[in-house]
Amino acid sequence: MWIGVVLIATMAATVVSCDSTTASKKKRPNIIYIMSDDHATHAISAYGGIYDDYLQTPNIDRIANEGIKFNNVFCTNAICGPSRAAILTGKYSHENGYYKNESGGKFDSTQWTFPRAMQTNGYKTALVGKWHLGTEPVGFDYFKYHDNPGQQGFYYNPIYNDNGTKVKEEGYATTLTTNYALDWLEKEKENDQPFLLMLQYKAPHRNWYPEKKYEHLYDSVEMPYPATFYDDYQGRELTAGDTDMTMDFFNRKDMKLTPPEGLTQKEQGKWLGWGNRRGMGEGWMPSDTMTVEQARKWKYQRYIKDYLACVKSVDDGIGRVLDYLDEQGLAENTIVVYTSDQGFYLGDHGFFDKRFMYEPSLRMPFVLRYPAAIKKHQENNDMITNVDFAPTILDFAGLEIPADVQGRSFVANTMGKKPKDWPTSMYYHYYEFPFWHHVQPHYGLRGERYKLIHFYYNVDQWEFYDLEKDPDEMNNAIDDPAYADIIAKMKEDLKKSQELYKDNGSLNEFRAITDADFGQISGS
Ligand code: SGN
Ligand code: CA
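Residues numbered from 1 in each chain as written. Chains lettered and ligands numbered in written order. Predicted model: local features only at pLDDT ≥ 70, side-chain atom pairs only at ≥ 80, totals over all residues. Heavy atoms only, no water.

Q: What is the right way to read the overall build of the protein chain from this model?
A: The helix and strand tally for the protein chain stands at 14 helices and 15 strands. Relative to its 524 residues, the protein chain shows a buried fraction of 60%. For the protein chain, contacts bridging at least 24 residues in sequence account for 69% of all contacts bridging at least 6. In the structure as shown, the protein chain presents an accessible area of about 20,500 Å², 50% of it carried by carbon and sulfur atoms. (Helix = DSSP H or I, 4+ residues; strand = E, 2+ residues; numbered from the N terminus. Buried < 20%, exposed > 50% of the residue type's maximum accessible area, 1.4 Å probe, protein only. Contact = heavy atoms within 4.5 Å. Areas by Shrake-Rupley, 256 points an atom, 1.4 Å probe, with all protein chains shown as cover.)

Below is the structure:
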């Protein structure tokens, strides 16, 4: 048991230099921060959506029901490593230096992060699962993270880095990662310090391999199609209309197809769709008799069923953690957060993947339970971003928030006390181009009702959406005279946000490669 927490925690809290807030004088909470990879809100039953008849996530829902569900949490750069770096530092990509996953993605691990701050202020800290920041995790007493090349992690028999040693484990990643989390809690249970556990699943990231028991979960159903599945990208031809993330870009590996016999390993890889980033998956049909339209639907079905099946295992893992907290009497004083590094397209706009500032990838799930301090059954619509996570966690722990952290604590918001000057818009900036998925670099502002985006690299295109009238963002109203005044005002606000966050609205210190470079690199 984590006995003695009160005494030691109080002592530790008096040692830290922070402004002795009420929180720091009280028993400090344990924190279990659970984050999956690419889990969209519309694949969580607490948030609801078109899959409600097929997918229930009772354990994530339990966190929401017993605590608070946030409806407006947004990612400042909707891609894996950059979102994680923003979360750890409480700073935008241009401030923490981690803009994109590919070529150039190495997190500067000498910089301040919230786990480091917690570790040096009396917390016992651990990280299990996906890290994906290129450099070794700092600030953790224990870590065991996915460490294959690229650090994406494998679903089956994954390679982990166990406190500095590479180990190949046998089994299913989601289950193994949950095991390591529980093993660590168990091993440390006599420890007097409060703890921070970051439990970060690889699932439901590409290539969506379900756990064996869920492989055939949806065999007998036809999943519904999102309302925007047939988006024709009118008015967005050069942006949403020019990506590598439509159903055509699934490769045969995504579709779990088996290569014909007699191929060498290299040929098999090629057949499955490896080795050519741009053309990956392009131009193959599941069968000679299918029409283009049938193939598109067929690919979506294969994809969404596997994706949702992967989510089932994540939810199961969370259930095991919640049960453990109950068994050990830890639930009351442990904050449990569930979120994802960004949202995802589940066939929305005809896409998979993320990156765009459009709602399905911008939006992050975020539910939080803290029985000792937070009321049950709450729902919150305040505008929150992933740079707010670090200051919030520190604030809950009664620790000081450094002045250069760009996010703000939303602890007061969890208690129904939104600060008067709380932001009514959020700033976004995405960089990685052209691979993967060929999404133009862009920045923008999302307000409570309107959204303004500027795609600025190979194109110079503005987009504007009225989310009240057009929640699916199908109508780029940038040239609609009815909105001219609002757009002009929003452009000013956008500039102000760039000043506030010290972003110059460019690619900053890295050079995106061009389409021409891309051809050479991909060999296409
Ligand atoms: C891999 C995937 C891409 C995905 C990136 C980034 N290709 O490269 O589809 O966008 O990861 O994902 S795969 O065929 O290798 O799976 S992220 O979550 O790390 O940002
Ligand atoms: Ca991700």
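Q: Just to check I follow, could you spell out the packing of helix α3 (residues 58-65) against helix α9 (residues 292-327) for this structure?
A: Think of two packed helices as two axes; the pair is described by the angle between the axes and how far apart they sit. The contact between α3 and α9 brings their axes to 7 Å, and the two run at 50°. As judged from the angle between their axes, α3 and α9 are oblique. Contacts between α3 and α9 involve Pro58, Asn59, Ile60, Arg62 and Ile63 from the former and Lys312, Asp315, Asp316, Ile318, Gly319, Leu322, Asp323 and Asp326 from the latter. Here the contact of α3 with α9 is composed, by residue class, of 5 nonpolar, 2 polar and 6 charged. (Axes fitted to C-alpha atoms, helices over the stretch in contact; angles between N-to-C directions. Parallel < 35°, antiparallel > 145°, perpendicular 65-115°, else oblique. Nonpolar A, V, L, I, M, F, W, Y, C, P; charged D, E, K, R; others polar.)

Q: Hey, could you run me through the nonpolar core in this one?
A: Phe114, Met118, Leu368 and Phe389 are the most contacted members of the largest nonpolar core, which totals 64 residues. Ignoring anything within four residues of it in the chain, the contact list for Met118 reads Ile31, Tyr123, Thr125, Leu196, Ile393, Leu394, Ala397 and Leu399. Counting residues in each nonpolar core, the second largest holds 62 residues, with Ile34, Phe249, Leu325 and Ala331 among its members. (Core = buried A, V, L, I, M, F, W, Y, C linked by side-chain atoms within 4.5 Å.)

Q: Would you explain the packing of helix α7 (residues 173-187) against α9 in this entry?
A: Packing of α7 against α9 brings their axes to within 9 Å, and their N-to-C directions diverge by 15°. The angle between the axes of α7 and α9 places the two elements in the roughly parallel class. Crossing angle aside, the handedness with which α7 passes α9 is right-handed. Together, Thr174, Thr175, Thr178, Asn179, Leu182, Leu185 and Glu186 of α7 and Ser313, Val314, Gly317, Arg320, Val321 and Tyr324 of α9 make up the contact between the two elements. Residue composition of the contact of α7 with α9, grouped by class: 5 nonpolar, 6 polar and 2 charged. (Left-handed = near helix turned anticlockwise from the far one by under 90°.)

Q: Help me understand unusual backbone geometry in this model?
A: Comment: phi is negative for the bulk of residues other than glycine, and the bulk of peptide bonds are trans. Cis rather than trans, the peptide bond between Ala203 and Pro204 has omega equal to -5°. Along the polypeptide, Pro204 turns up in the loop between β7 (195-200) and α8 (265-272). Here the amide bond leading from Arg206 into Asn207 is cis, since omega sits at 10°, within 30 degrees of zero. Secondary-structure assignment places Asn207 in the loop between β7 and α8. The phi dihedral of Gln151 is positive, around 60°, even though this residue is not glycine. If you trace the backbone, Gln151 turns up in the loop between β4 (142-146) and β5 (159-162). Look at Gln151 and you get buried, because its relative accessible area is 8%.

Q: How should the site of ligand 1 be read in this particular structure?
A: Near ligand 1 there are 17 residues, and of these Gln152, Arg206, Asp353, Arg355 and His437 occur at the shortest range. Cys80 places a main-chain nitrogen or oxygen 3.0 Å from an oxygen atom of ligand 1. Take Trp436: an N or O atom from its side chain is 3.2 Å from an oxygen atom of ligand 1. In the complex, the protein chains occlude 90% of the 460 Å² of accessible area that ligand 1 would expose alone. A class-by-class count of the residues in the shell around ligand 1 yields 4 nonpolar, 6 polar and 7 charged. (Near = heavy atom within 4 Å. Polar contact = N/O pair within 3.5 Å; in protein donor to acceptor, adjacent residues only side chain to side chain.)

Q: Quick question: what am I supposed to make of the pairing of strand β15 (residues 461-466) here?
A: Within a regular beta strand, the side chains point alternately toward one face of the sheet and then the other, so they alternate between its two faces. For β15, a buried count of 5 out of 6 residues is recorded, marking the element as mostly surrounded by other parts of the structure. In this sheet, β15 lies alongside strand β14 (residues 450-455) in antiparallel orientation, the contact comprising 6 bridges. Paired with Phe455 across the strands is Gln461, a residue of β15. Taken together, β14 and the strand that follows it, β15, pair antiparallel across an intervening segment of 5 residues. (Pairing = 2+ DSSP bridges.)

Q: Would you mind going over the pairing of strand β2 (residues 68-74) with me for this structure?
A: Taken across its 7 residues, β2 has 7 buried, putting it largely inside the fold. In terms of strand pairing, β2 meets strand β9 (residues 363-369) through 5 bridges, oriented antiparallel. Paired with Val73 across the bridge in β9 is Met364. As paired strands, β2 and strand β10 (residues 378-380) are joined by 3 bridges and run parallel to one another. Paired with Ile68 across the bridge in β10 is Gln378. Looking at chain direction, β2 and strand β11 (residues 384-385) are connected through 2 bridges and run parallel. Within the sheet, the bridge partner assigned to Phe74 lies in β11 and is Thr385.

Q: Explanation requested: the layout of surface pockets in the structure shown.
A: One way to see where empty space is left: roll a probe the size of a water molecule over the atoms. In this structure, the second largest pocket spans a volume of roughly 590 Å³. If you list the elements that add at least two residues to the lining of the second largest pocket, you get β2 and α10 (359-362). Its residues placed into classes, the lining of the second largest pocket shows 8 nonpolar, 9 polar and 6 charged. (1 Å grid on protein atoms, 1.4 Å probe; cavity = no way out; pocket = protein on both sides within 12 Å on 5 of 7 lines; lining within 4 Å. Points joined across faces, edges and corners; volume = space filled by probe spheres on them.)

Q: Explanation requested: the coordination of the calcium ion (ligand 2) in the structure shown.
A: Note on metal sites: the ideal angle is 109.5 degrees for four tetrahedral donors, and 90 or 180 degrees for six octahedral donors. Only Asp37 (OD), Asp38 (OD), Asp341 (OD), Asp341 (OD) and Gln342 (OE1) from the protein reach the calcium ion (ligand 2) as donors, at distances of 2.1 to 2.8 Å. Of note is the calcium ion (ligand 2), whose 6 donor atoms meet at the metal with angles of 50 to 167° in an arrangement that counts as irregular. Mapped onto the sequence, the residues coordinating the calcium ion (ligand 2) show the spacing D-D-x302-D-Q. Asp341 gets classed as buried once you look at its relative accessible area, which sits at 0%. The class for Gln342 is buried, based on a relative accessible area of 0%. (Donors = N, O, S within 2.8 Å, 3.2 Å for Na, K, Ca; no water. Tetrahedral: all angles 85-135°; square planar, octahedral: opposite > 155°, others 65-115°.)

Q: Hey, could you run me through the packing of aromatic side chains in this one?
A: The relative placement of two aromatic rings is captured by the distance of their centres and the angle of their planes. Counted by the stated rule, this structure contains 41 aromatic pairs. Residues Tyr427 and Tyr501 carry aromatic rings whose centres are separated by 6.3 Å and whose planes lie at 15° to one another, so their mutual orientation is stacked. In this pair, Tyr427 is assigned in strand β12 (residues 425-430) and Tyr501 in the loop between α13 (484-500) and α14 (515-522), connecting sequence segments 74 residues apart. With respect to class, Tyr427 is no different from Tyr501; both count as buried. Relative to Phe464, the ring of Tyr450 lies with its centre 5.4 Å away and its plane at 20°, an arrangement referred to as stacked. Residue Tyr450 is found in strand β14, and its partner Phe464 is found in strand β15; the two are separated by 14 residues along the sequence. Given a relative accessible area of 17%, Tyr450 falls into the buried group. (Phe/Tyr/Trp six-rings, centres within 6.5 Å; stacked < 30°, edge-to-face > 60°.)

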